[in-house]
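Examination of the molecular architecture
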Amino acid sequence: MFVTILRSTTLLQLKPKLGYKKYLTRLRTVSLAGAVTLAASAYYCYECFWNTSMEFIHHPEAIEKHVLSIFADIKYRPTFYIPHRLMQLAYATRWEKKFDTEFERQLFKLSDGGQLALDWKNKHVVTNKPLVLITHGLTGGSETNYIKHAAETLAEAGYQVVCFNQRGVSNCELLTSRYHFHGCTNDLREVINYLQENKQKDQQIFGLGFSIGGSLLLKYAGEEGYKCKVTRIFSVANPYDLLDCSHNIMKFRNKIYDWSITCNFKMLLKQHQSSLAENEKTKGIQIQEALQAKNTYEFDELITRRLFDFDSPEQLYSNIGCGNYIKDVKVPVFIMHSKDDPIVPQFLVPYDQIKQNPNIIVGLTNKGAHVEWFTGLKPQRWIMNPILRYFEEIQSL
């Protein structure tokens, strides 16, 4: 096949000019390039159009193994012209149309005098469906597209939805000098206790966490054990060990993600600079230096680890993740990962621990990046398909 293709008029014309040996060398080079191109194209088509079914990892006697049948016809096919994780990130940050989602905001007062924002959909709707609590990742709260898309999808399906925004996130004013910390479940616990007391009669609370928001939910569930008031959790692209994730994100190939997160950190710090200023004397934080930070590690060294009394960023990261709490989770949990996730790659998912807990099931797709999962000719977010199917079907089983 390649010989036929490569004996083109152009190459044949080169024969007398190059000489026979050089002509053969050129022919072999072009043949190899053609073979590599064809192989890469075949692999690309296989990954995008055929290798699309979900895989599952779980305890042999998983409590909810029977629910896996509901995902039989759910397949993920990435948008063919942005299959790579960097392409999906670029589309999400530069070209994705912003969702025009309106929330009803509730400023929730915390026990230490601080506050955070709860953004609601269908707050006053009477429904027999669960209340879904959504927790966000590092790069923003309910103003981000992936949170808006999740809230809109669930609200349209008849769920009450409340988005939990960490302190200072999503344009919520800081009332104290205390900042948000993604490794501390105290604020989340206060909100969940409030929801439990004020929800509709016999209504369940489901949790939906994205990225480190999923880790926060799992950590809370592990801390609470059988007392957990969230009866079911769906976690998306959940990190487990933030120290390992930190080392991974600092690698050269992941610098774009580190840069993006650092920019978000600095934006929030600048927004709340005056509220946090007293911590420069009491905690030794360095605001001006942090506003010039080049990466997340440098920012956390100058701000986060000092605010929360850790000796180093490494000690801070070791205390954030949910990895040590996996064994203590007693409520049903479904975790969704993509095999090409640059922030939580497969070698950082503790499958040995997960397979020892019969309450946890992991679903895997081959593509999807971190929390992107774009599909269709006009890219649309896919991840709510399995989430909504899970929430809907689990109520009827």
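Residues numbered from 1 in each chain as written. Predicted model: local features only at pLDDT ≥ 70, side-chain atom pairs only at ≥ 80, totals over all residues. Heavy atoms only, no water.

- As recorded in an unreviewed UniProt entry, the protein chain goes by AB hydrolase-1 domain-containing protein and comes from Paramecium octaurelia.

**Section: the layout of surface pockets**
- Size it by volume and the second largest pocket reaches roughly 240 Å³.
- Considering the residues around the second largest pocket, the lining is formed by Tyr91, Glu96, Lys97, Lys98, Phe99, His149, Lys378, Pro379, Gln380 and Arg381.
- For the lining of the second largest pocket, a count of residues per class yields 3 nonpolar, 2 polar and 5 charged. (1 Å grid on protein atoms, 1.4 Å probe; cavity = no way out; pocket = protein on both sides within 12 Å on 5 of 7 lines; lining within 4 Å. Points joined across faces, edges and corners; volume = space filled by probe spheres on them. Nonpolar A, V, L, I, M, F, W, Y, C, P; charged D, E, K, R; others polar.)

**Here's the deal with the packing of helix α6 (residues 186-198) against helix α7 (residues 212-224)**
- The interhelical angle for the contact between α6 and α7, taken along N-to-C directions, is 75°, at an axis separation of 10 Å. Considering their axes alone, α6 and α7 lie roughly perpendicular with respect to each other. Two secondary-structure elements touch here, α6 through Leu188, Arg189 and Ile192 and α7 through Leu216, Leu217, Tyr220, Glu223 and Glu224.
- When its residues are assigned to classes, the contact of α6 with α7 shows 5 nonpolar, no polar and 3 charged. (Axes fitted to C-alpha atoms, helices over the stretch in contact; angles between N-to-C directions. Helix = DSSP H or I, 4+ residues; strand = E, 2+ residues; numbered from the N terminus. Parallel < 35°, antiparallel > 145°, perpendicular 65-115°, else oblique. Contact = heavy atoms within 4.5 Å.)

**Re the environment of Lys109**
- For Lys109, the location among the structural elements is in strand β2 (residues 104-109).
- Distance from Lys109 to Met336, taken between C-alpha atoms, is 32 Å for residues 227 residues apart in sequence.
- What Lys109 contacts, discounting residues up to four positions off in sequence, is Gly114, Gln115, Leu175 and Glu190.
- Within the local environment of Lys109, its side chain forms a polar contact with the side chain of Gln115, the two groups lying 3.3 Å apart. (Polar contact = N/O pair within 3.5 Å; in protein donor to acceptor, adjacent residues only side chain to side chain.)

**Description of a nonpolar patch on the surface**
- A contiguous nonpolar surface patch, about 330 Å² in accessible area, is contributed by Phe80, Tyr81 and Leu377.
- Structurally, the position occupied by Leu377 is in the loop between β10 (374-375) and β11 (380-381). (Patch = residues over 30% accessible without salt bridge, like charges linked within 9 Å, V, L, I, M, F, W, Y side chains within 5 Å. Areas by Shrake-Rupley, 256 points an atom, 1.4 Å probe, with all protein chains shown as cover. Salt bridge = Lys/Arg side-chain N within 4 Å of Asp/Glu carboxyl O.)

**Topic: helix α5 (residues 145-156)**
- Here α5 contains 12 residues, and its C-alpha end-to-end distance of 16 Å stays within 8% of the 16 Å for a straight helix at 1.5 Å per residue.
- Counting buried residues in α5 gives 11 out of 12 residues, a clear majority hidden from the surface.
- Here α5 has its buried residues at Asn145, Tyr146, Ile147, Lys148, His149, Ala150, Ala151, Glu152, Thr153, Leu154 and Ala155.
- Contacts made by the buried residues of α5 are with β3 (115-121), β4 (131-135), β5 (160-164), β6 (205-210), β11 and α16 (384-396).
- Gly158 lies just past α5 and shows a positive phi near 95°. (Expected span 1.5 Å × (residues − 1). Buried < 20%, exposed > 50% of the residue type's maximum accessible area, 1.4 Å probe, protein only.)

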